[in-house]
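# A closer look at the structure
Residue-level listing of the chains:
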Amino acid sequence: MAPRCSWMWRLPRCPLLGRNLSTTRRLGAGRSLSSKSPTPQICVVGSGPAGFYTAQHLLKHHSEAIVDIYEKLPVPFGLVRFGVAPDHPEVKNVINTFTQTARSERCNFLGNVTVGRDVTVEELQRAYHAIVLSYGAEDKKELGIPGEKLPGVYSARDFVGWYNGLPDNRYLSPDLSSETAVILGQGNVALDIARMLLSPLELLEKTDVAQPALEALSQSRVKKVWLVGRRGPLQVAFTIKELREMINLPGTRPIYDPSDFQGLGDILKDLPRPRKRLTELLVKSALEEPGEKEAVRRAQCTREWGLRFFRSPIAVLPSEDGKRASGVRLSVTRLEGSGESAVSVPTGETEDMPCGLIFSSIGYRSVPISPGVPFLPRQGIIPNSMGRVLGAPAGLYCSGWVKRGPTGVITTTMTDSFDTAQSLLEDLKSGALNLSNSRPGASAIRELLLLRGVDPVSFSDWEKIDAVETAQGLKVGKPREKILNTEEMLQLVSR
Ligand code: FAD
Ligand code: NAP
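Residues numbered from 1 in each chain as written. Chains lettered and ligands numbered in written order. Predicted model: local features only at pLDDT ≥ 70, side-chain atom pairs only at ≥ 80, totals over all residues. Heavy atoms only, no water.

The buried fraction of strand 3 (residues 41–45) amounts to five of the five residues, a majority that puts the element mostly inside the structure. Where strand 3 meets strand 4 (residues 66–70), five bridges bridge the pair, whose relative direction is parallel. Residue valine 44 lies in a different strand from strand 4, and its bridge partner there is isoleucine 69. Handedness of the crossover joining strand 3 and strand 4 through helix 1 (residues 49–61): right-handed. Pairing of strand 3 with strand 6 (residues 130–133), which is carried by four bridges, proceeds in the parallel orientation. Bridging across to strand 6, cysteine 43 finds its partner in isoleucine 131. (Buried < 20%, exposed > 50% of the residue type's maximum accessible area, 1.4 Å probe, protein only. Helix = DSSP H or I, 4+ residues; strand = E, 2+ residues; numbered from the N terminus. Pairing = 2+ DSSP bridges. Right-handed = clockwise from strand over helix to strand, strands pointing away.)

Okay, here's the thing in structure tokens:
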């Protein structure tokens, strides 16, 4: 990292600009650093749902605050762009609301800036009155079992990134020549992957799936997908809408072991409501004879998927030459305790499942952003109370997956981001957040980035990229054809 600019913090004059920072673009609209009550300068790190919902709430409920959003990629929206499955376009409609927020004259988007590398959190702390860390959970959880790194084993995070056009994953090129795939984990991401592997191509062709993924999936030989859970049918992590979609996926049939579901009908009435409805659907689908039409449909299917319960992975088995995965060894488990909190314990029995394609879909993981920001490695979160970072000076907040861990849908993330924004607004009001000194905000950080050779991408730059992607998509009947590498994105907006 280039040496720090000592001038930056001796405001209001910036020798690089040769003028008073209060006259720079962001502060131009009648907001003077010398005014009695300085404009709150706030920045948000990360432009996923947490970043955008935090910014939205702050801008809506404070008539002066300026909110700058820093994003490491040249393109915004986090997992809405790089996580949500291509065949769920309706979920991506939140982008419209985020776009409204970004277009506010009190909001700046600074893409292509990695906080912790291009600019430090400490530098942001000196330039802003408050920082909200909303940088998600970008890493994957690891199984920590022998053979996990063998070719043929993919993390859900990488596979999802690959089919969604995440630049880092564009060379993944998974080997889809195996007829059987095993997905370890029974969450909604596991179901996304199963659907992507088994969906008829004509459904995927109309989505914004990355082109290399579409081509690879068109050559895929995968016919059967197992979703393996270490606990039982009452503990699956996926939700009812996604299960129903899987059960009805054209060209595929579910395979069940009826013994997994025996007796569950009797306890349904005692289950909490969402779990009750989900279990009802599982039991119905597994134990009831399908109607005539459904029976005909299932008989015609060439692809299938199944749920394997009470199996915990203990090793990925190598092929004879040791060069790739050829199966997975599972420990048969039983439950101790009941309900959501039941834990799986090994019975001592094991079972081998032959397959050449394995996905580890056991969840995502946040990483620390700076040695100066408290982080709980076991939980993978920033310690906080209502979004206020604990053990840090006032003015540091967090929202989204880095605040509460890598679970929850976009609406859950919205609620917790509004809570964090509310804490920040209360601190502004109560004086807990010190506004006595003016802060330069983005203008100072831009100067610093310039010195370091980093050229931030603005929201209107993103709109140029967006226009090119949608125009390319239109030609092939897709909502967009994603650009897959950052260099090409940056070329499109180079000045
Ligand atoms: P993210 O969306 O991950 O955003 C974090 C942002 O921070 C990213 O843009 C990242 O690039 C940026 N960033 C990271 N590090 C830095 C840094 N150092 N400097 C600057 N920027 C940084 N929910 C639904 O409601 N419906 C769905 O269909 C759905 N599908 C999903 C599919 C998958 C595969 C996954 C993993 C999740 C899905 N979710 C879905 C859940 C939803 O995506 C999350 O609730 C939500 O994205 C969490 O928001 P976030 O902003 O905390 O994290
Ligand atoms: P998740 O919901 O937490 O599911 C993780 C799965 O992995 C669980 O079945 C879990 O089993 C299992 N697991 C964890 N550690 C394991 C281990 N060491 N060995 C074996 N199994 C292990 O995570 P996710 O699927 O990554 O989804 C993340 C969040 O995004 C969820 O909240 C999800 O709802 C959301 N999402 C939503 C959608 C949608 O709305 N359509 C789509 C995708 C994702 P245990 O329960 O036994 O721990």
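There's more to say after this.
Taken in spatial order, the three strands make up an open sheet running 13-14-15, and their pairing is antiparallel. Every other strand in the sheet has two partners, leaving strand 13 (311–318) and strand 15 (343–354) as the edge strands with one partner each. Between one strand axis and the next, the sheet turns through 20° on average, direction left out of account. Note: strand 13 against strand 14 (residues 325–336), seven bridges, orientation antiparallel. Across the sheet, the residue bridging to proline 313 is leucine 330, located in strand 14. (Axes fitted to C-alpha atoms, helices over the stretch in contact; angles between N-to-C directions.)

If you check the domain split of the chain, you get domain 1 (23–138 + 366–494) and domain 2 (140–364). For domain 1 versus domain 2, the separation of C-alpha centres amounts to 34 Å. Taken residue by residue, the interface counts 27 residues in domain 1 and 26 residues in domain 2. The largest contributions to the domain 1 side of the interface with domain 2 come from Phe82, Pro86 and Leu484, which together make up 29% of the buried area. At the boundary of domain 1 and domain 2, one finds three salt bridges. Between aspartate 208 and lysine 482 there is a salt bridge, and its shortest N-O distance comes to 4.0 Å. Counting across the interface, domain 1 meets domain 2 through eleven residue pairs in polar contact (both at pLDDT 80 or more). With three residues, helix 17 (residues 486–492) is the single largest residue contributor to the side of domain 1 that touches domain 2. A class-by-class count of the residues in the side of domain 1 that touches domain 2 yields twelve nonpolar, five polar and ten charged. (Domains from an automatic or database assignment. Contact = heavy atoms within 4.5 Å. Buried area = accessible area lost by both parts, 1.4 Å probe. Salt bridge = Lys/Arg side-chain N within 4 Å of Asp/Glu carboxyl O. Polar contact = N/O pair within 3.5 Å; in protein donor to acceptor, adjacent residues only side chain to side chain. Nonpolar A, V, L, I, M, F, W, Y, C, P; charged D, E, K, R; others polar.)

Turning to the nonpolar core, a few remarks are in order. By size, the foremost hydrophobic cluster in this structure holds 52 residues, and its most contacted members are Leu197, Val225, Trp305 and Phe359. The element that contributes the greatest number of residues to this core is helix 6 (residues 188–198), accounting for seven residues. For phenylalanine 359, the contacting residues outside a window of four places in its chain are Tyr154, Phe159, Ala181, Val182, Ile183, Leu184, Ile193 and Leu197. Listed in part, the 40 residues of the second largest apolar core include Tyr397, Ile410, Leu425 and Leu435. (Core = buried A, V, L, I, M, F, W, Y, C linked by side-chain atoms within 4.5 Å.)

Ligand 2 sits among 20 residues. The nearest are Asn188, Arg230, Arg231, Glu242 and Gly408. Within the side chain of arginine 230, a nitrogen or oxygen atom sits 2.8 Å from an oxygen atom of ligand 2. At a separation of 3.5 Å, an oxygen atom of ligand 2 approaches a polar backbone atom of serine 361. When isolated, ligand 2 has an accessible area of 910 Å², and the protein chains bury 79% of it. In terms of residue count, helix 6 provides more of the shell around ligand 2 than any other element does, three residues in total. The class makeup of the residues in the shell around ligand 2 is eight nonpolar, eight polar and four charged. When residues of the shell around ligand 2 are sorted by domain, at least three fall in each of domain 1 (23–138 + 366–494) and domain 2 (140–364). (Near = heavy atom within 4 Å. Areas by Shrake-Rupley, 256 points an atom, 1.4 Å probe, with all protein chains shown as cover.)

Let us now look at the pairing of strand 13. Where burial is concerned, most of strand 13 is hidden: six out of the eight residues are buried. Taking the residues that link successive antiparallel strands as the turn, the strand 13-strand 14 hairpin has six residues, and the phi of glycine 322 there is positive, at about 75°.

Taken as a whole, the second largest pocket holds about 410 Å³ of empty space. Lining the second largest pocket are 21 residues, and of these Lys92, Ile95, Asp208, Pro479 and Arg480 lie nearest its centre. Listed by contribution, the elements that provide at least two residues to the lining of the second largest pocket are helix 2 (79–82), helix 3 (94–102) and helix 16 (459–475). Residues belonging to the lining of the second largest pocket are distributed by class as follows: eight nonpolar, five polar and eight charged. Inspection of the lining of the second largest pocket shows a minimum of three residues originating in each of domain 1 (23–138 + 366–494) and domain 2 (140–364). (1 Å grid on protein atoms, 1.4 Å probe; cavity = no way out; pocket = protein on both sides within 12 Å on 5 of 7 lines; lining within 4 Å. Points joined across faces, edges and corners; volume = space filled by probe spheres on them.)

This next bit is on the state of the cysteines. Considering all chains together, one arrives at zero disulfides under this definition. We note that cysteine 398 lacks a disulfide partner, and the nearest cysteine sulfur, in cysteine 43, lies 14 Å from it. (Disulfide = S-S within 2.5 Å.)

So, about the packing of aromatic side chains. Evaluated as defined, the whole model comprises 17 aromatic pairs. Each ring, one from phenylalanine 109 and one from phenylalanine 459, has its centre 6.0 Å from the other, and the planes form 85°; the classification is edge-to-face. You can see phenylalanine 109 sitting in strand 5 (residues 107–110) and its partner phenylalanine 459 sitting in helix 16, a full 350 residues away along the chain. Taken together, the ring pairs in this structure connect Phe52, Tyr53, Phe77, Phe98, Phe109, Phe418, Phe459 and Trp462 into an aromatic cluster. (Phe/Tyr/Trp six-rings, centres within 6.5 Å; stacked < 30°, edge-to-face > 60°.)

With that settled, consider the packing of helix 1 against helix 14 (residues 410–430). At their nearest, the axes of helix 1 and helix 14 sit 8 Å apart, and the two run at 45° to each other. Overall, the two elements helix 1 and helix 14 adopt an arrangement that is oblique. In the crossing of helix 1 with helix 14, the sense of the turn from one axis to the other is right-handed. In contact with Pro49, Ala50, Tyr53, Thr54, Gln56, His57, Leu58 and His61 of helix 1, helix 14 contributes Ile410, Thr413, Met414, Ser417, Phe418, Ala421, Gln422, Leu424 and Leu425. Tallied by class, residues from the contact of helix 1 with helix 14 come to ten nonpolar, seven polar and no charged. (Parallel < 35°, antiparallel > 145°, perpendicular 65-115°, else oblique. Left-handed = near helix turned anticlockwise from the far one by under 90°.)

In this section: the side chain of serine 423. By the secondary structure assignment, serine 423 is in helix 14. Given the relative accessible area of 2%, serine 423 is considered buried. A polar side-chain atom of serine 423 sits 2.6 Å from the main-chain carbonyl oxygen of methionine 386. In contact with serine 423, other than residues within four places in its own chain, are Met386, Arg388 and Tyr397.

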